[in-house]
Amino acid sequence: MPPALELRGITKRFGNILALDNVDFSVPAGSVTALVGENGAGKTTLVGIAAGAVRPDSGEINAGGETLALSRPLDALSRGVGLVYQHTRLVDDLSCAENVALGVPPSRCGIISRDKLSEKVSQLFDRLRLDRGPDELLASLTLPERQKVEIARLLYRGVKILLLDEPTALLLPQETEELFTVLREEASRGAAIVFVTHRLEEVFKIAERIVVLRAGCKVGQRKVSETTPDEIAVMMVGEVEAEPRLKAGLFEEEMPIPLLENATVIRRGERVARLKDFTLEVFPGAIHGVAGVAGNGQDEIFDLLAGVISPSRGRVMVKPGEIARVPGDRFRQGGIPDFTLSENVELAHGDIRSGFILNRAGAALVAKKVIGDLDVKNAGPETLYGSLSGGNAQKFLVGRELAKHGTPVTCLFNPTRGIDFASRAYLHSRIRAISGAVLLISYDLEELLELSDTITVLYRGESRGTFARGEIPRQSLASLMTGGGA
Amino acid sequence: MMRGGKNREDWKHAALEVSIAFIIALLVGGVFVLAAGRSPFAAYGAILRGAFGSWISFSRTILAATPLVFTGLAFAFAMRGGLFNIGIEGQVLAGAFVAAWVGSWPVGSGLLLIPLAFILAAAAAGAVGLVMALLRVRFGASEVITGIMLFHILNILFEWLMRVWAGTPGAYKSPPIAAAAHLPGVGGIHIGCAIALAMVILVFLYERYTSAAFKVRAVGADSNVSRYQGINVGKVMLFALGVSGAMAGLAGASRVLGESFAYLPDISGGAGWLGIAVALVARNNPLAVVPVALLFGVLKVGGFWLEQELALSSDLTLIITMTLVLTISARRLTPMLARILKTLRSQERGAA
Amino acid sequence: MTAVILGLILGALAGATPLIFAALGGLCSERAGVINLALEGFMLVGAFGAVLVTYVTGSPLAGLIGAVIAAAVFALVYAFLCLDLRADQIVAGIVMNLLAAGICAFLVKRIWNISQNSPPVEKLFSIPIAFGDFRREISILVPVAFVAVIVVWFILRRTVFGLNLRAAGEDPSALVATGVSPRRVRYFALLCSGILCGLGGAFLSIGYLNQFMTTITHGRGFIAIAALIMGNWRPVRTAAACLLIGAAYEAGYALTGFGVPEEVWRMLPYVLTIVVLCVFNIAVRPPRALGRF
């Protein structure tokens, strides 16, 4: 039998980074194929290309015996290839049924046939074991339910080749099981399923075939029955580094710097607190990590420290001026894209813009220093911030905060999210070298394990405990992050 | 958002875009004139004669441009902070009314009375701007809508106060201001014009050299980033709209003290609305406000000759002005025209 | 007493009618993701079109059609500016109002050689209301406005176009992914906006009055936007908000009989609009993709 979906010789560059290097990838119908690899291995790019959302530099895609036009989502959809994104692309203000049928609802003379629509959608929901009515508003659905609506949307359009990009990243173990059941059923109905993940334990539960990517190259392909988790792990990571040790005796010598004391944040119009009785302190010379799945209170911690919001209860123990901050969103919080680097220095350094007359020369001097110091490539003080690549922008932001005086605490929020590998390694080395106290809020558990001396786990706005490095295994941390026990 | 050109290339580009927009605006105006059964050339000739035909008409053009300089600066000032000061028309009225009231005080010396009238007029109009900013900062009410509503409210309020003050129900103007409050001038051009030019230079220097202007610009470019970087966005908005309102108030004061010598309900003559147009065409650049205001002054004064020579409404110039603004705000127009020109040229080549 | 109350109710209905049309016009546009501050201009052009066509043909019904066409064409110009030429939607909206004022004033002068007001024309069909001694007439467009609320609600909720329109206003990229062009949807949404505002304009000039005045809309387009916000961009709630503002205005008018200065009630709708904006801005949620592409 020919493969349901076949990609040949796919190469893709983003700037000077080779994301995919001549990758071949094929998927047979009626089975589940796992696409595994570490962060940045090129998994998301590969499924994006298959779904027509990303345009490859070279290569060919065949689905159902026909060659697909590159970079045309609709073309891919009409040939039966559909992608479930990590963050679902649904419209909150529409009902479930409307979301499923958007663009092609059953209708007569432009009026939607609601009975027919409800019937079709109910059938799909039953099939996917989604216990929701077609008329319920999407906004009321939980994340795993949304994923099923998204799958229903693709099935409604006749998709036979289902690509899922890290569908379990934000799911609880129970929810993951449910999703697997549904996917297995679809595969037994003849669908070809591609499942992207970096969690090996899942792969062996669901997949029949495993394709491993590393740094943009296809390292190999195995049948689950013929391999072991250890073999796949070695294929994914290459050689394994020894973990650095905790600085001994640190906490007896230094006085902690309190940041938050029993801080609770309830956003306007909401009843559930985003952050609950949260206390946070850091030690000079140490890196304190905050781990958690996105949206569990990290934004609120940062906003409190930045002085953008104030706590509903409890206290913030530092003034915004005493804490150097690198926000989570480079271009919407960190700097103004239309401004030059020099102007963005001026923006963040209150002491430079405090006088009546603008201190342009002072700002340019700091900008020049930051550019040289952090190795921001192809930039000068007059370069527009928005023209920097993600990695360079992030370096600039970190450098700008390091150049501040009188800030005993540096707070970094996802400092290396979505940037190239070299910049990430470089920034990590710089973060390690910061002499004051560092607060590292990150969604990336690998990063936290690599850098932090202590880690607080955040779940639904509450602390699930603070641990020193090596005190707790990685799986337990992951479990705490998703609401499980240690 | 909109930033003044930094180098020569930007300037050239901006000048080209304004020229194209101006040509389109004249063409649209021409279509209306043709539709009205007149010759566009006769109409535009009448406008030019009306604006430059004699010293008197020239001085009128200058006087018409003066409030537009104030209001254009005012709109641009707030716009730098990302705020649409649509309340300028109301702020002009506030400035005019307070100037008329202060001007009627029995203070003998103009040296005292005139600055006092200007300052209080600016303060009153600035307060209107502050109210808009407060509603925006405190309640998130769009300044565009509150601005329009405040204009209607102030318009009715001052008309009412004017009648009460004049003491007759049918009064169409306030009691006249004292002779001491009349602005001095030469050849029909009063000192309000000089104040307007001084304001231009002041705003230019402010934008170039002060930290306050930088903060306003940062908030206008991205209020969210500014908030995260420790700028008090609400305070900056209050400042920008307050100063903007105050400058609009100067326009009203200069009209009352220099030309009408009393408060009239239509004292503004649309200077507030036109100020928006001036700022948009000048791309919020204070130096560019002067020539653009002059251009609009020409259209305004010349417009009256349309009525006299061709029996056409002077509102033609409003059509031209607004078409000009729309074409300038249409960001994709120039690239689109360039593309069309290119296809035409390649077709020509193909034909040859 | 009955007569007074009936008068108040009818007055409130008449006051709300142009607001409802304009607010529904704004709703069509903004639910599709296009900010529309040009409602005032759309209405003005509609009011002028109504009088001009009625004047030429002698038929107010033809005038009504003229109003709708004039406002629709004007709305399409706005759509072209915003959707294809990517003009700033706030700037373009404000300036379209001024352009409308310029065009109408220019044409009034040219056609009737007078400034500001047109000569009187025949009014649109009215429904007589009789209750005891009480006799009044209300324009046919008053009930039409309420029918329009239902129609807009039905289109939004039950038709393919309405579904696409709502998706265009919430998340155009989701729409693109299904193969529908948000640009096309928004063009049609603005066409609807123009038609509705045209009806609102026609009500002012040949339904309520019998002539065109250059100041006939008097900020109603902006009051309608406030009502739209108060109604959280939902048709029925928006219409209720329009009724409330209409009623408050009528009540204010009635108060002038008790020695309250006339100016106070003239200011009332504008003050009320500001209050409404401040109070309701917190509780409502605009379409997510409003003003974005």
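Described in the following lines is the structure provided in the data block. These figures come from a predicted structure and were not determined experimentally.

Cut-offs applied
Residues numbered from 1 in each chain as written. Chains lettered and ligands numbered in written order. Predicted model: local features only at pLDDT ≥ 70, side-chain atom pairs only at ≥ 80, totals over all residues. Heavy atoms only, no water. Helix = DSSP H or I, 4+ residues; strand = E, 2+ residues; numbered from the N terminus. Buried < 20%, exposed > 50% of the residue type's maximum accessible area, 1.4 Å probe, protein only. Contact = heavy atoms within 4.5 Å. Areas by Shrake-Rupley, 256 points an atom, 1.4 Å probe, with all protein chains shown as cover. Salt bridge = Lys/Arg side-chain N within 4 Å of Asp/Glu carboxyl O. Polar contact = N/O pair within 3.5 Å; in protein donor to acceptor, adjacent residues only side chain to side chain. Buried area = accessible area lost by both parts, 1.4 Å probe. Nonpolar A, V, L, I, M, F, W, Y, C, P; charged D, E, K, R; others polar. Patch = residues over 30% accessible without salt bridge, like charges linked within 9 Å, V, L, I, M, F, W, Y side chains within 5 Å. Expected span 1.5 Å × (residues − 1). Axes fitted to C-alpha atoms, helices over the stretch in contact; angles between N-to-C directions. Parallel < 35°, antiparallel > 145°, perpendicular 65-115°, else oblique. Left-handed = near helix turned anticlockwise from the far one by under 90°. Core = buried A, V, L, I, M, F, W, Y, C linked by side-chain atoms within 4.5 Å. Domains from an automatic or database assignment. Phe/Tyr/Trp six-rings, centres within 6.5 Å; stacked < 30°, edge-to-face > 60°. Pairing = 2+ DSSP bridges.

### So, the overall build of chain B
Each helix and strand counted, chain B has 14 helices and two strands in total. For chain B, the spread of C-alpha atoms along the principal axes amounts to about 80 × 60 × 35 Å. Within chain B, the fraction of its 352 residues that count as buried is 55%. Looking at chain B alone, contacts between residues at least 24 apart form 76% of all its contacts between residues at least 6 apart. In the structure as shown, chain B presents an accessible area of about 14,400 Å², 69% of it carried by carbon and sulfur atoms.

### A word on the interface of chain B and chain C
Across the contact, 45 residues belong to chain B and 40 residues belong to chain C. For the interface between chain B and chain C, the tally reads two salt bridges. A salt bridge links Lys-109 of chain C to Glu-307 of chain B, with the nearest nitrogen and oxygen atoms 3.9 Å apart. Where chain B packs against chain C, one counts four residue pairs in polar contact (both at pLDDT 80 or more).

### Details of the environment of Cys-193 of chain B
Residues and elements named next belong to chain B. With respect to the helices and strands, Cys-193 occurs in helix α7 (residues 192-209). Overall, the relative accessible area of 11% leaves Cys-193 in the buried class. A sequence separation of 120 residues divides Cys-193 from Ser-313, and the C-alpha atoms of the two residues are 28 Å apart.

### Re the side chain of Ser-314 of chain B
Summarising the element assignment, Ser-314 of chain B is placed in the loop between α12 (286-310) and α13 (316-329). The exposure class of Ser-314 of chain B is buried, given its relative accessible area of 17%.

### Describing the interface of chain B and chain A
Tallying the contact residues gives 21 residues for chain B and 30 residues for chain A. Across the chain B/chain A interface, buried area totals approximately 2,100 Å², and carbon plus sulfur atoms make up 54% of it. Glu-343 of chain A is the partner of Arg-217 of chain B in a salt bridge, and the nearest nitrogen-oxygen pair spans 2.4 Å. At the junction of chain B and chain A, the tally comes to 13 residue pairs in polar contact (both at pLDDT 80 or more). If you list the elements that add at least two residues to the side of chain B that touches chain A, you get α7, α8 (211-221) and α9 (223-228) of chain B. For the side of chain B that touches chain A, the leading source of residues is α8 of chain B, giving six residues. Among the residues forming the side of chain B that touches chain A, the class breakdown is eight nonpolar, six polar and seven charged.

### A word on a nonpolar patch on the surface
A cluster of nonpolar residues, Phe-356 and Ile-357 of chain A together with Ile-201, Leu-205 and Tyr-209 of chain B, forms a patch on the protein surface that exposes about 540 Å² of accessible area. When you line up the elements, Tyr-209 of chain B lands in helix α7. Overall, Tyr-209 of chain B belongs to the partly exposed group, its relative accessible area being 41%.

### Quick word on helix α10 (residues 233-260) of chain B
In a regular helix each residue adds 1.5 Å, so 28 residues correspond to 40 Å; α10 of chain B covers 39 Å between its end C-alpha atoms and thus fits that length. Of the residues trailing α10 of chain B, Phe-261 of chain B is marked for its positive phi of about 60°.

### Considering the packing of helix α2 (residues 40-52) of chain B against α12 of chain B
Residue and element names in this part refer to chain B. Running from amino to carboxyl end, α2 crosses α12 at an angle of 120°, the nearest separation of the two axes being 7 Å. What the angle tells us is that α2 and α12 run oblique. Note on packing geometry: the crossing formed by α2 with α12 is right-handed. Of α12, the residues touching α2 (which contributes Ala-42, Ala-43, Ala-46, Ile-47, Arg-49, Gly-50, Ala-51 and Phe-52) are Val-298, Leu-299, Val-301, Gly-302, Trp-305, Leu-306, Glu-309 and Leu-310. In terms of residue class, the contact of α2 with α12 is built from 12 nonpolar, two polar and two charged.

### Let's talk about the pattern of salt bridges
Residues and elements named next belong to chain A. Taken as a whole and assessed by the stated rule, the structure comprises 42 salt bridges over all chains. The partner of Glu-145 in a salt bridge is Arg-132, with the nearest N and O atoms 3.0 Å apart. Here Arg-132 lies in the loop between α4 (114-127) and α5 (143-156) and Glu-145 lies in helix α5, a separation of 13 residues in the sequence. Among the residues examined, Glu-145 registers a relative accessible area of 19% and is labelled buried.

### Comments concerning the side chain of Thr-407 of chain A
All names here are of chain A. Inspection of the secondary structure puts Thr-407 in the loop between α14 (390-402) and β18 (409-413). Residue class for Thr-407 comes out buried when judged on its relative accessible area of 17%. Excluding its chain neighbours within four sequence positions, the residues that come into contact with Thr-407 are Gly-321, Glu-322, Ile-323 and Ala-324.

### Focus on the nonpolar core
Phe-75, Ile-86, Leu-257, Tyr-263 and Phe-296 of chain B together with Tyr-78 and Phe-212 of chain C are the most contacted members of the largest nonpolar core, which totals 274 residues. Looking at which domains feed residues into this core, each of domain 1 (5-237) and domain 2 (257-481) of chain A gives three or more. Val-293, Leu-341, Leu-445 and Leu-451 of chain A belong to the second-largest nonpolar core, a separate cluster that totals 38 residues.

### A few points about the packing of aromatic side chains
Here the structure, examined in full by the defined rule, presents 28 aromatic pairs over all chains. Aromatic pair Trp-101 of chain B and Trp-105 of chain B: ring centres 5.2 Å apart, planes at 80°, arrangement edge-to-face. Residue Trp-105 of chain B is classed as partly exposed on the basis of its relative accessible area of 25%. The rings of Phe-302, Phe-413 and Tyr-443 of chain A together with Tyr-228 of chain B are connected pair by pair, giving a single aromatic cluster.

### Looking at the sheet that holds strand β19 (residues 437-441) of chain A
Think of a sheet as strands paired side by side through backbone hydrogen bonds, with each pair either parallel or antiparallel. Residues and elements named next belong to chain A. Pairing is mixed across the open sheet formed by six strands, whose spatial order is β17-β18-β19-β15-β20-β21. Looking at the sheet topology across the chains shown, the edges are occupied by β17 (323-326) and β21 (462-468). On average, adjacent strands in this sheet sit at an angle of 15° to one another, irrespective of strand direction. Two elements, β18 and β19, share five bridges in a ladder whose sense is parallel. Of the residues in β19, the one forming a bridge with Cys-411 is Leu-439. With respect to the sheet, helix α17 (residues 474-481) is in contact with β15 (287-291), β20 (454-459) and β21, its orientation differing from that of β20 by roughly 30°.

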